[in-house]
Amino acid sequence: MSKKRRIVIALGGNALGNTLPEQMTAVKITAKAIVDLIEEGCEVVVAHGNGPQVGMVNNAMIALTHEDEQQPNTPLSVCVAMSQAYIGYDLQNALREELLNRGITDIPVATMITQVRVDENDPAFLSPSKPIGKFVTAEQAKMMEENFHYVMKEDSGRGWRRVVASPKPVEIIEIGTIRTMVSSGDLVIACGGGGIPVTRQGNHLKGASAVIDKDFASCLLAKELDADYLIILTAVEKVALNFGKPEEQWLDEVSVKEAEQYIQEGHFAPGSMLPKVEAAMDFAASKPGRTALITLLEKSRDAVQGKTGTTFHL
Ligand code: ADP
Ligand code: MG
């Protein structure tokens, strides 16, 4: 029997929804797409984003400080940990149910609370740029800067928002355990929300006030697990040149070299498509035979069969 293709999937925002009821419904559809790949004969590892969820947890924890003076504010790293557990709970339940519905009884599903080390000297810490949480007034922003030492920025006339650093992932702390679980055939959910950002202080891992891009963390996970595919599932079926313009052109296959050129020409929006293309390129360039794919959740089976999506290769 040929070796199973190992796939790391990075789930985007549309795979999880924006509210508690939305997530409950979304994970059922997401679980179907993932189990489709398992039935296709793939070994799947799931990573995911957490934008709306970590924003929600962060806002809830701020509300707690208003209700109870004894409660200090919750570090962002703890909010990420909470979001991993909450999303993992919904996802692992939906996956278990979908597997059982299809008569697959020998694949245990589990979520790994994952810490990801970042470099405390990463230049991203000097220029926080990633907005999180809800919009607030200038007055509230001032209060949050004073009380919580947040960095607040005005966002194009819509109000003020907290911005945090988005450093590059360097090391997945729990990779050994993840590898063991994957090797024994478990369906593992890991690196949720890009992982809980930590820096190393001797033997101590200190939570960092940052969020790691889930596309970069998924790429690192795929490399560390020696995966054959990195599949980034998002809200578009393919990546485009001149996206949203009359001369828009959807891409089927891209070499690492071509991708570099397209990036230079500014085809991919920073904060949305750019990190995906960078992650896809990085994975494809890391070893011959590694392929990255960007496509829609609903199209993941077709994409693995080579029928759609944008494929990145050396
Ligand atoms: P996710 O939650 O999956 O990370 P994002 O919203 O961050 O999703 O990124 C995906 C979005 O990037 C697409 O829905 C699309 O609107 C946008 N986008 C920007 N540039 C491009 C491009 N060149 N080709 C395709 N989509 C693009
Ligand atoms: Mg995104």
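Conventions and cut-offs
Residues numbered from 1 in each chain as written. Chains lettered and ligands numbered in written order. Predicted model: local features only at pLDDT ≥ 70, side-chain atom pairs only at ≥ 80, totals over all residues. Heavy atoms only, no water. Disulfide = S-S within 2.5 Å. Core = buried A, V, L, I, M, F, W, Y, C linked by side-chain atoms within 4.5 Å. Buried < 20%, exposed > 50% of the residue type's maximum accessible area, 1.4 Å probe, protein only. Contact = heavy atoms within 4.5 Å. Helix = DSSP H or I, 4+ residues; strand = E, 2+ residues; numbered from the N terminus. Arc of directions from axis to C-beta. Pairing = 2+ DSSP bridges. Axes fitted to C-alpha atoms, helices over the stretch in contact; angles between N-to-C directions.

Colleague: Please give an account of the state of the cysteines that cites residues and values.
Modeller: Considering all chains together, one arrives at zero disulfides under this definition. A disulfide-free cysteine, C42 has its sulfur positioned 19 Å from the sulfur of C219, the nearest such atom. Residue C79 stays outside any disulfide, its sulfur separated by 19 Å from that of C191, the closest cysteine.

Colleague: Let's hear about the nonpolar core: which residues, and what values?
Modeller: Among the nonpolar cores identified, the biggest contains 47 residues, and I178, L221 and F312 are the most heavily contacted of them. Those residues in contact with I178 that lie beyond four places of it in its chain are M112, T114, I172, V188, A190, L221 and L225. Judged by nonpolar contacts, the second largest core, of 33 residues, contains V44, L95, I189 and L297.

Colleague: I'd like a description of helix α7 (residues 256-264), backed by residues and values.
Modeller: Those residues of α7 that fall on the buried side of the exposure criterion are V256, A259 and Y262. Seen from one end, α7 has its buried residues packed into an arc of 120°, which puts them on one side. Exposed residues on α7 whose side chains face more than 90 degrees from its buried face are K257 and Q264. The inward-facing, buried residues of α7 abut β13 (240-241), β15 (253-255), α8 (273-286) and β17 (310-313).

Colleague: Give me unusual backbone geometry: which residues, what numbers.
Modeller: A negative phi holds for most residues other than glycine; trans holds for most peptide bonds. For H149, which is not glycine, the phi torsion reads 55° and is therefore positive. Among the structural elements, H149 can be located in the loop between α4 (138-148) and β6 (151-154). Of note, D226 is a non-glycine position whose phi angle comes to about 50°, a positive value. Within the secondary structure, D226 is located in the loop between α6 (214-224) and β12 (229-234).

Colleague: With reference to specific residues and values, describe the sheet that holds β6.
Modeller: Backbone hydrogen bonds are what pair the strands of a sheet, in a parallel or an antiparallel way. Sheet architecture is open: three strands sit in the order β5-β7-β6, paired in antiparallel fashion. One side of each edge strand has no neighbouring strand; the edge strands of this open sheet are β5 (130-136) and β6. Across the sheet, the axes of successive neighbouring strands diverge by a mean angle of 35°, strand direction being ignored. Sheet analysis places β5 next to strand β7 (residues 160-164), joined by four bridges and oriented antiparallel. Residue pairing in the sheet places P131 in a bridge with V163 of β7. Taken strand by strand, α4 contacts β5, β6 and β7, and its axis lies near 125° from that of β5.

In short, shape yes, function no, at least from these values alone.
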